[in-house]
Amino acid sequence: MFRGGDLSYAMEVTLEEAAAGKDAQIRIPGWEECEPCDGTGAKKGTSAKTCGTCQGSGTVQMRQGFFSVQQTCPHCRGSGKIISDPCPTCSGQGKLKKQKTLEVKIPAGIDDGMRIRSTGNGEPGTNGGPPGDLYIEIRLKKHEIFERDGDDLHCAVPISFSKAALGGEIDVPTLNGKAAIDIPEGTQTGKQFRLRGKGIKGVRASYPGDLYCHITVETPVKLTEHQRKLLKEFDESLQKGGAKHMPTGNGWTDKLKGFFGA
Ligand SMILES: [Zn+2]
Ligand SMILES: [Zn+2]
């Protein structure tokens, strides 16, 4: 008696599917009894004989020094039977490969690399042995907006440099819609906003993770002549204010002086 081998199956899921869970259908290899020989493997009208080497058990005891080791019978290869006239349909296997559809429940919160075991859906056992198991390995598809880190989500949020300077409310994406965040006046690139509970609730977690919005301040491009003029005027007015308009630039100028030994 031998247990059938385990099978593995890779399944790609989107971040949304992983967060909400889903009922999936997969096609896996299965076996069905060969009809012409009724699963015996012997050609119609003939029958299989019990293997004389192992008396039908499929295993033999081999002596190795002082030890006795159980091995697969080399004569019948574990089947316990000898088929002198094999069935032409299944070549003596007694079974035929056939695809079957399996319903799989993907639990909410599943993450990349996790495995789901489907008991008994692996390869069939031989000589009455139990079947193996099927393992479904989850591969998380890359998301356009969010990056997952455990139960937390991260996303980049570009804002205009005037919005960054003036502050104001902006909409940020979440897995189930939108959320508003208040950008304070003078926000810099690299600033993070944490939205509690807007991440993913892991398979065994009690609370969902958080969503981190990473702000990048965008330099405006493709300026018109008029906009260039306005920006130059604006820059001149900034210059008059000196370093007070540059939150890190001031300290940086001092560091440079030290670096050059001025
Ligand atoms: Zn045998
Ligand atoms: Zn057959």
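Calculation rules
Residues numbered from 1 in each chain as written. Chains lettered and ligands numbered in written order. Predicted model: local features only at pLDDT ≥ 70, side-chain atom pairs only at ≥ 80, totals over all residues. Heavy atoms only, no water. Helix = DSSP H or I, 4+ residues; strand = E, 2+ residues; numbered from the N terminus. Rg over C-alpha atoms; globule rule 2.2 N^0.38 Å. Buried < 20%, exposed > 50% of the residue type's maximum accessible area, 1.4 Å probe, protein only. Contact = heavy atoms within 4.5 Å. Areas by Shrake-Rupley, 256 points an atom, 1.4 Å probe, with all protein chains shown as cover. Donors = N, O, S within 2.8 Å, 3.2 Å for Na, K, Ca; no water. Tetrahedral: all angles 85-135°; square planar, octahedral: opposite > 155°, others 65-115°. Polar contact = N/O pair within 3.5 Å; in protein donor to acceptor, adjacent residues only side chain to side chain. Pairing = 2+ DSSP bridges. Axes fitted to C-alpha atoms, helices over the stretch in contact; angles between N-to-C directions. Phe/Tyr/Trp six-rings, centres within 6.5 Å; stacked < 30°, edge-to-face > 60°. Lys NZ or Arg CZ within 6 Å of the ring centre and 35° of its normal. Salt bridge = Lys/Arg side-chain N within 4 Å of Asp/Glu carboxyl O.

## Let's talk about the overall build of the chain
Part 1: What the chain contains, in helices and strands, is four helices and 15 strands.
Part 2: Relative to its length of 262 residues, the chain is extended, with a C-alpha radius of gyration of 34 Å against a globular reference of 18 Å.
Part 3: Overall, the C-alpha framework of the chain stretches about 105 × 45 × 40 Å when taken along its three principal axes.
Part 4: Taken across its 262 residues, the chain has 28% of its residues classed as buried.
Part 5: Residue pairs in contact within the chain that sit at least 24 positions apart in sequence constitute 62% of those at least 6 positions apart.
Part 6: When the accessible surface of the chain is split by element, carbon and sulfur atoms take 50% of a total near 17700 Å².

## Section: the coordination of the zinc ion (ligand 1)
Around a metal, the ideal angle is 109.5 degrees if four donors adopt a tetrahedral arrangement and 90 or 180 degrees if six donors adopt an octahedral arrangement.
Part 1: The protein atoms that coordinate the zinc ion (ligand 1) are Cys51 (SG), Cys54 (SG), Cys73 (SG) and Cys76 (SG), at distances spanning 2.3 Å.
Part 2: Geometry at the zinc ion (ligand 1) is tetrahedral, judged from the four donor atoms that bind it and their angles of 103 to 115° at the metal.
Part 3: Accessibility expressed as a relative area gives 1% for Cys51, which makes it buried.
Part 4: A residue is classified by how much of its surface remains accessible, and Cys73, at 1% relative accessible area, is buried.

## Description of the coordination of the zinc ion (ligand 2)
Part 1: Every protein donor of the zinc ion (ligand 2) is listed here as Cys34 (SG), Cys37 (SG), Cys87 (SG) and Cys90 (SG), and their distances to the metal cover 2.2 to 2.4 Å.
Part 2: All donors to the zinc ion (ligand 2) come from one chain, and their sequence spacing reads C-x2-C-x49-C-x2-C. Of this pair, Cys37 sits in the loop between strand 2 (22-33) and strand 3 (49-50) while Cys90 is found in the loop between strand 6 (81-82) and strand 7 (95-106), placing the two residues 53 residues apart along the sequence. Per residue, the accessibility class of Cys37 equals that of Cys90, and both read buried.

## A closer look at the side chain of Ser118
Part 1: The residue Ser118 is located in strand 8 (residues 115-118) in this model.
Part 2: Judged by relative accessible area, which is 15%, Ser118 ranks as buried.
Part 3: In this structure the side chain of Ser118 is engaged in a polar contact, spanning 2.8 Å, whose partner is the side chain of Asn121.

## Side note on the sheet that holds strand 8
Part 1: An order of 1-9-8 is seen for the three strands of this open sheet, with the pairing classed as mixed. The open sheet is flanked by strand 1 (7-13) and strand 8, the only strands paired with a single partner. Strand-to-strand twist across the sheet, computed as the mean angle between neighbouring axes with direction ignored, equals 25°.
Part 2: Sheet analysis places strand 8 next to strand 9 (residues 134-140), joined by four bridges and oriented antiparallel. In the strand pairing of strand 9, Ile116 is matched with Ile136.

## Let's talk about the packing of aromatic side chains
Between two aromatic rings, the relevant description is the distance of the centres plus the angle of the planes.
Part 1: Enumeration according to the criterion identifies one aromatic pair in this entry.
Part 2: We note Arg115 situated over the ring of Tyr135; from NZ or CZ to the ring centre the distance is 4.2 Å.
Part 3: Over the ring of Phe193 we find Lys191, and its NZ or CZ is 5.5 Å from the ring centre.

## Notes on the pattern of salt bridges
Pairing between side chains of opposite charge can happen when their charged atoms approach one another.
Part 1: For the structure on display, the rule yields 10 salt bridges.
Part 2: Put simply, Asp6 and Arg3 hold a salt bridge, and the shortest N to O gap is 3.2 Å.

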